[in-house]
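Breakdown of the fold
Below, each chain spelled out in residue letters.
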Number of protein chains: 4
Amino acid sequence: MEEKKLDQPIRVAVIGGSGYTGAELMRLLLGHPRVQVTLVTGQSKAGQPVASVLPSLAGVYPGLIEGYDADETARRADVAFCALPHGASAGIVSELRDRGLVVLDLSADFRLSDPAIYKEWYGEHLAPARFGTAAYALVELHREALRTADLIAVPGCYPTAANLALAPLLKAGLVEPQGIIVDAKSGVSGAGRSPLPTTHLPEAAEGFRAYKAAAHRHTSEMEQELSRVAGETLRVTFVPHLLPMTRGILATCYALTKGDVTAEACTDAARALYEGSPSVVVRDAGTHPDTLWVRGSNRAHVGYVVDKRAGRVVAMCAIDNLVKGASGQAVQAFNVRFGFDEGEGLRAPAMWP
Amino acid sequence: MEEKKLDQPIRVAVIGGSGYTGAELMRLLLGHPRVQVTLVTGQSKAGQPVASVLPSLAGVYPGLIEGYDADETARRADVAFCALPHGASAGIVSELRDRGLVVLDLSADFRLSDPAIYKEWYGEHLAPARFGTAAYALVELHREALRTADLIAVPGCYPTAANLALAPLLKAGLVEPQGIIVDAKSGVSGAGRSPLPTTHLPEAAEGFRAYKAAAHRHTSEMEQELSRVAGETLRVTFVPHLLPMTRGILATCYALTKGDVTAEACTDAARALYEGSPSVVVRDAGTHPDTLWVRGSNRAHVGYVVDKRAGRVVAMCAIDNLVKGASGQAVQAFNVRFGFDEGEGLRAPAMWP
Amino acid sequence: MEEKKLDQPIRVAVIGGSGYTGAELMRLLLGHPRVQVTLVTGQSKAGQPVASVLPSLAGVYPGLIEGYDADETARRADVAFCALPHGASAGIVSELRDRGLVVLDLSADFRLSDPAIYKEWYGEHLAPARFGTAAYALVELHREALRTADLIAVPGCYPTAANLALAPLLKAGLVEPQGIIVDAKSGVSGAGRSPLPTTHLPEAAEGFRAYKAAAHRHTSEMEQELSRVAGETLRVTFVPHLLPMTRGILATCYALTKGDVTAEACTDAARALYEGSPSVVVRDAGTHPDTLWVRGSNRAHVGYVVDKRAGRVVAMCAIDNLVKGASGQAVQAFNVRFGFDEGEGLRAPAMWP
Amino acid sequence: MEEKKLDQPIRVAVIGGSGYTGAELMRLLLGHPRVQVTLVTGQSKAGQPVASVLPSLAGVYPGLIEGYDADETARRADVAFCALPHGASAGIVSELRDRGLVVLDLSADFRLSDPAIYKEWYGEHLAPARFGTAAYALVELHREALRTADLIAVPGCYPTAANLALAPLLKAGLVEPQGIIVDAKSGVSGAGRSPLPTTHLPEAAEGFRAYKAAAHRHTSEMEQELSRVAGETLRVTFVPHLLPMTRGILATCYALTKGDVTAEACTDAARALYEGSPSVVVRDAGTHPDTLWVRGSNRAHVGYVVDKRAGRVVAMCAIDNLVKGASGQAVQAFNVRFGFDEGEGLRAPAMWP
């Protein structure tokens, strides 16, 4: 990237650069023509060259992983992308905002707007003074708010997929707000870089299971956003599953139709809502979206089928959980915030196969 | 298996021995102490040694794949397991029954009891005279009928998983019969041995998608059996998905509770129904069944979670699609039919990891 | 397995039953008609039901994982299979031998016969008084010694594959003893049940690398056994690799031919050596063995190709690392030791696909 | 890519755009700032939108797959990348050259310089008049010749990996030219987009085997290039294997050292040869390159280990077979040919994980 010559690139820090979303931020930001990555922090790997921790960046990025320091970050960067676990994020986000940085937070700490709901699903908030001050970066639904936001909460991976599939139907009044089910399946990169029994290849590569059925925290983000679109409070039954593969989420969503609704009508509603959005591809009615076609890209593929016998829509959305479900969506929101083309740095097609 | 010395083993023919369910029949039957495999047929591989087509049987089974002939089969076998595609199966089943063999048919040709429903999902039946004469081999629900059946229809893989999870709830009146959703996920071995773009490793190993959403033929078997248990006609929204792995089906089923139902009540209902059944393990309430633990075995793992917020049960069942979902269930029905212990030849634990 | 009624089954303890080789011992021993598993020990899981730690055994084995105690083991078992790490094994093996049990040790502690070589590769031995007293259980090469052995050292997985491929060539004088290269590839189950970065699915499923090139401890077992067969001290260059799959080792071995040697001659030499051996299948000359066909079985598939242009044999062997490479070979040696048919409990074909 | 505004982009045709290397050319060329893709041809898919055949390009490339026509191609493009099978390529390359296009041919048709060797491995050449007129695009070894070449033969995937690992050692005189062994392992995308039994997921995902041992055509490219570097004719024993994953080649190469050679000396030799080469990363001595770190990128990772006991170097190289092993290397050669920075359009880091 040594040749990128820009008049005034935006100086960016990646806080928590050695996990999967941090590494993905690096991959995307190093190729972004308006960005200069000036700082990468990481707790356990501090002092090591980035290229040792991430050999994929050998020959690409010459710097070190550094220990985090708020003042040093403020001195060297205008914008911070925080790729930290929830809880650990709130305090750091808060002190970087205190120092005037625009912060994009990939954790759950600032996604919810109702403190009671946060408490129900996550417990005590660790920076309550800033609670509720963030714009929610499901860009396609919150573009205007993002243009002026200085604290941006990047959505969870599952809610991104489910909400992109369901929002057009609720907005167009094609489905009942009550009784929605989201049966979602995620590649194991969603579980992070720390090895676990459930991600150990011999037990993950040829096994499949649900986890936290009807008890996953991302339920709250689905309910918040879909209730807002529907104009009434709704409940979602959300069951996530762990797929024997690395990247990708498919959300298969079920909703009861209001009257005689066709897959074409659903598709039209989605095309209307996502017109001009570079990161959503609405497939033809009856098409089944496939995570294969979005791997490594910031694009969501949305598709609709109607079960006429049962009066139900099957709304499906495929994303790459690390890109549109995390780091790519963060960059997309960054583009909106700084007035760049929304697809800047995000135009690369999926890596296929 | 050369040492197996039995006074009067039952002579068994495997019709269609070179596909996946045929090979799995061979694996199971060659280890069954009451069986002697006397004949294996296959169309495209006729004349080749079984051990060439299935090197896993080198040193195990010395015979050839033979061309199919009804009279020859009747001369050499008392029982036939037919592992042929639907349509191709009906005629052969019929002529083997004409010759007095007990036939276990793994195709869909004799699973349904209503000819109109067969026609709706499969088209014209090719042996209408025998339509409706078979016992349906979801053993746990039809054990008595199987004891005297001479034509046995082995259930489809998806209905096996979905019906084992849901039947106890409907039978005990814990859930509403209407509004059931089955979101099922299958390893690609379910698609058979013929290479297809959707099973081509580069496009299957890191991709995930639904297919035939709300249009898969197995819907009819779920509706038939669950309606019978519920005592009323019901509709199922069924969406199958293809998993990036070889063996295993997980059915995640959603049903509305009748009143205040707990996961413990669902679990108790399942334990009551499956008491004494060697092929169903009911996991503790709140456990998520995993295909990993049933791979290669004839056991189904069933588990229940309740979403109290939405008044819905999540009923899950994990099976090996080639064993409990096909060939193993066929052997289990065979055991019932011939008065053997139901687990005979099927006791081996799953291969883990 | 509840119905197995034997006059005098041999009482067997599995020491270290919750890891992969321990679980595989359970799978094989619970199906062995001459064995009664009376005790399973495990350190971290002591007190838990086996079926909780290994849900694949739910409905199969009702007992608990117990803490290890030498006297208790001696009271309840005649034979112990030890599936412990090297170092941890030596002391326990020793005290079980002191109490008169026949011990089959799956660790490296008793595989080598030269203490200097042990020290070079493994460090200090922890039970030196018993060093050199074991029979080495590559059954096909040491059958006679095993018949009377009370301490049996089960070979490493890689040496099993490499030595089965190369021994016939050295024995028949078809290749030069010097200059042998073993390029081997193993599924990640060989790394054990503890999650590691290198076995974490996102980093293991689509990555491939060598490890410990020319520095892996199993080199010593290859050199010991092949030197013995060749009648002269030889060196092996051994490079192992980690495959993105669970089970299976393929050893691709390179040796210079002595004169004009054909693949047929190599194949004949192997067939001569392995005649009557139920666990080795010698494929036709020019065939490439595939781990796919041995998964879950105790069979090794061996095959030979000759590179005439370079005067070199390519000798290949495929095994399941957890079966013929560990637990299955232990059971095979047990059969020889107790005078059972060598294939007893090991006849099941590979699980395919 | 709609916003790319360049004064004079080079007009490029992709001939054979619907296979894997064609799709990868599209992915890379659509992101190349000096290129305008004006034409994509494909035989069986002609007339279909590119985004139907490659949904990863939905929203990226609006055109159709067209039938191939030499004159039309010449009218609309200055450069053609041909991603056709060998044999099928020679004639088309020839007629495009006749019309003045610069042609980069990804097939084997123009890689060899000796017609007798071509005939030995591939049979009759179908455009003998142009045989021997191409520059061989292993860029790091042939940079000068490529600057002025109008016909460029892009190397095979295996020879790229093997030759990058071995060339520095032969050039520096660190190893014996005779007795070299290349044991290489490739992801199944190397077998192309057509489904085959060996790429069928159930038989490929948990299986591993060699194929065409000592008989693969790529042997000829290794021998040609390594003989050239060594200054003497040498033979290579080459054994390829099919890995249960999609992308990536690891070549593990064995050569006898000349005297007392260290891994550091090998590493230094490689760093000297590849200094200034943006597409080769020489890892520290003793490091094992991993395909994981190069997936999706045009970088080769090279590393060396020495087996002092046996006097042998283990030289390893990891590449993405579809990028540095095919389409990326083609773009790299294109950059050299047209005087662009060698890394133009190829700087994106690997997709990890």
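Every value quoted in this text rests on a predicted model; they were computed, and no experiment measured them.

1. A short note on the packing of helix H7 (residues 157–171) of chain B against helix H11 (residues 323–337) of chain B
Each packed pair of helices is defined by two parameters, the angle between the axes and the distance between the axes. All names here are of chain B. The N-to-C vectors of H7 and H11 enclose an angle of 100°; their axes lie 8 Å apart at closest approach. Looking at the two axes, H7 sits roughly perpendicular to H11. Along its contact with H7, which presents Cys157, Thr160 and Ala161, the element H11 presents Lys324, Gly325, Ala326 and Gln329. Among the residues making up the contact of H7 with H11, the classes are represented as three nonpolar, three polar and one charged.

2. Things to note about the pairing of strand E4 (residues 102–105) of chain D
Residue and element names in this part refer to chain D. Burial along E4 is two-sided: the face carrying Val102 and Leu104 and the face carrying Val103 and Asp105 are both buried. For strand E3 (residues 79–82) and E4, the ladder comprises four bridges, and the chain directions are parallel. Within the sheet, the bridge partner assigned to Ala80 lies in E4 and is Val103. Between the parallel elements E3 and E4, the chain passes through helix H4 (residues 88–98) in a crossover that is right-handed.

3. Overview of the interface of chain B and chain A
Chain B puts 40 residues into the contact, and the matching count from chain A is 40 residues. Elements with a minimum of two residues in the side of chain B that touches chain A: strand E7 (180–187), helix H8 (201–204), strand E8 (209–210), strand E9 (236–243), strand E10 (249–256), strand E12 (300–307) and strand E13 (312–319) of chain B. Looking at the side of chain B that touches chain A residue by residue, the class counts come to 21 nonpolar, seven polar and twelve charged.

4. A short note on the nonpolar core
Core analysis: the largest hydrophobic core is formed by 505 residues, its most contacted members being A:Ala251, B:Ala251, C:Ala251 and D:Ala251. Filtering out sequence-adjacent residues up to four positions away, C:Ala251 remains in contact with C:Tyr158, C:Ala161, C:Ala162, C:Ala165, C:Val182, C:Ala184, C:Met316 and C:Cys317.

5. Considerations on helix H6 (residues 139–146) of chain C
All names here are of chain C. Where H6 is concerned, the buried positions are Val139, Glu140, His142 and Leu146. Around the axis of H6, the buried residues are gathered within 150° of arc, so they sit on the same side. On its buried face, H6 sits against strand E5 (135–136), strand E6 (151–153), helix H7 (157–171), helix H10 (263–274), strand E11 (280–282) and helix H11 (323–337).

6. Here we look at the sheet that holds strand E7 (residues 180–187) of chain D
All names here are of chain D. A sheet is described by the order of its strands in space; here seven strands give the open sequence E8-E9-E7-E10-E13-E12-E11, paired in mixed fashion. Here the strands that pair on one side only, and so sit at the sheet edges, are strand E8 (209–210) and strand E11 (280–282). Pairing analysis gives eight bridges linking strand E10 (residues 249–256) to strand E13 (residues 312–319), with the strands arranged antiparallel. Bridge pairing in E13 links Cys253 to Ala315. Helix H7 (residues 157–171) rests against E7, strand E9 (236–243), E10, E11, strand E12 (300–307) and E13 of the sheet, and its axis sits at about 35° to E10. Strands E7 and E9 of the sheet are contacted by helix H9 (residues 219–230), whose axis makes an angle of about 135° with E9.

7. Re the relation of the copies chain B and chain A
Two copies of one chain are present, and they are related through a rotation about an axis combined with an axial shift. It takes a turn of 180° to lay chain B on chain A, together with a shift of 0.0 Å along the axis; the resulting RMSD is 0.0 Å. Taken together, the rotation angle and the small translation identify this as a two-fold axis. Measuring from the rotation axis to each C-alpha of chain B, the shortest distance belongs to B:Pro244, at 3.2 Å. In this assembly, 100% of the residues forming the interface of chain B have copies in chain A that are likewise at the interface, indicating an isologous arrangement.

8. Quick notes on the pairing of strand E4 (residues 102–105) of chain B
Here E4(B) pairs with strand E6 (residues 151–153) of chain B via three bridges, running parallel. The partner of B:Asp105 across the bridge, within E6(B), is B:Ala153.

9. Side note on the interface of chain C and chain D
Listed by partner, the interface residues are 40 residues for chain C and 40 residues for chain D. Listed by contribution, the elements that provide at least two residues to the side of chain C that touches chain D are strand E7 (180–187), helix H8 (201–204), strand E8 (209–210), strand E9 (236–243), strand E10 (249–256), strand E12 (300–307) and strand E13 (312–319) of chain C. Tallied by class, the residues present in the side of chain C that touches chain D amount to 21 nonpolar, seven polar and twelve charged.

10. A look at the domain arrangement of chain A
Residue and element names in this part refer to chain A. For chain A, the assigned domains are domain 1 (10–133) and domain 2 (158–321). Each partner contributes to the interface: domain 1 provides nine residues, whereas domain 2 provides seven residues. With three residues, the top contributor of residues to the side of domain 1 that touches domain 2 is helix H5 (residues 115–122). In terms of residue class, the side of domain 1 that touches domain 2 is built from six nonpolar, two polar and one charged.

11. Some points on the confidence of the model for chain A
Looking at chain A, the pLDDT average stands at 96 and 98% of residues meet or exceed 70. Segment residues 1–5 of chain A is flagged for pLDDT under 50; beyond a separation of four residues in sequence, or across chains, it makes five contacts in the model.

12. Thoughts on the relation of the copies chain C and chain D
Between chain C and chain D, the superposition needs a rotation of 180° and an axial shift of 0.0 Å, giving an RMSD of 0.0 Å. Both copies share a contact surface, since 100% of the interface residues of chain C are interface residues in chain D too.

13. A short note on the sheet that holds strand E5 (residues 135–136) of chain B
Residue and element names in this part refer to chain B. Strand order in the open sheet formed by six strands is E2-E1-E3-E4-E6-E5, with parallel pairing between adjacent strands. Taken across any chain shown, the strands that pair with only one partner, and hence form the sheet edges, are strand E2 (35–41) and E5. Two elements, strand E1 (residues 10–15) and E2, share six bridges in a ladder whose sense is parallel. What sits directly across from Arg11, in E2, is Gln36. Packing against the sheet, H11 makes contact with strand E3 (79–82), E4 and E6, and its axis sits at approximately 155° to E4.

Parameters at a glance
Residues numbered from 1 in each chain as written. Chains lettered and ligands numbered in written order. Predicted model: local features only at pLDDT ≥ 70, side-chain atom pairs only at ≥ 80, totals over all residues. Axes fitted to C-alpha atoms, helices over the stretch in contact; angles between N-to-C directions. Helix = DSSP H or I, 4+ residues; strand = E, 2+ residues; numbered from the N terminus. Parallel < 35°, antiparallel > 145°, perpendicular 65-115°, else oblique. Contact = placed C-beta atoms within 7 Å. Nonpolar A, V, L, I, M, F, W, Y, C, P; charged D, E, K, R; others polar. Buried ≥ 20, exposed ≤ 12 C-beta atoms within 10 Å, placed from the backbone. Pairing = 2+ DSSP bridges. Right-handed = clockwise from strand over helix to strand, strands pointing away. Core = buried A, V, L, I, M, F, W, Y, C linked by C-beta atoms within 7 Å. Arc of directions from axis to C-beta. Least-squares fit on C-alpha atoms with pLDDT ≥ 70 in both. Domains from an automatic or database assignment. pLDDT = per-residue confidence, 0-100.

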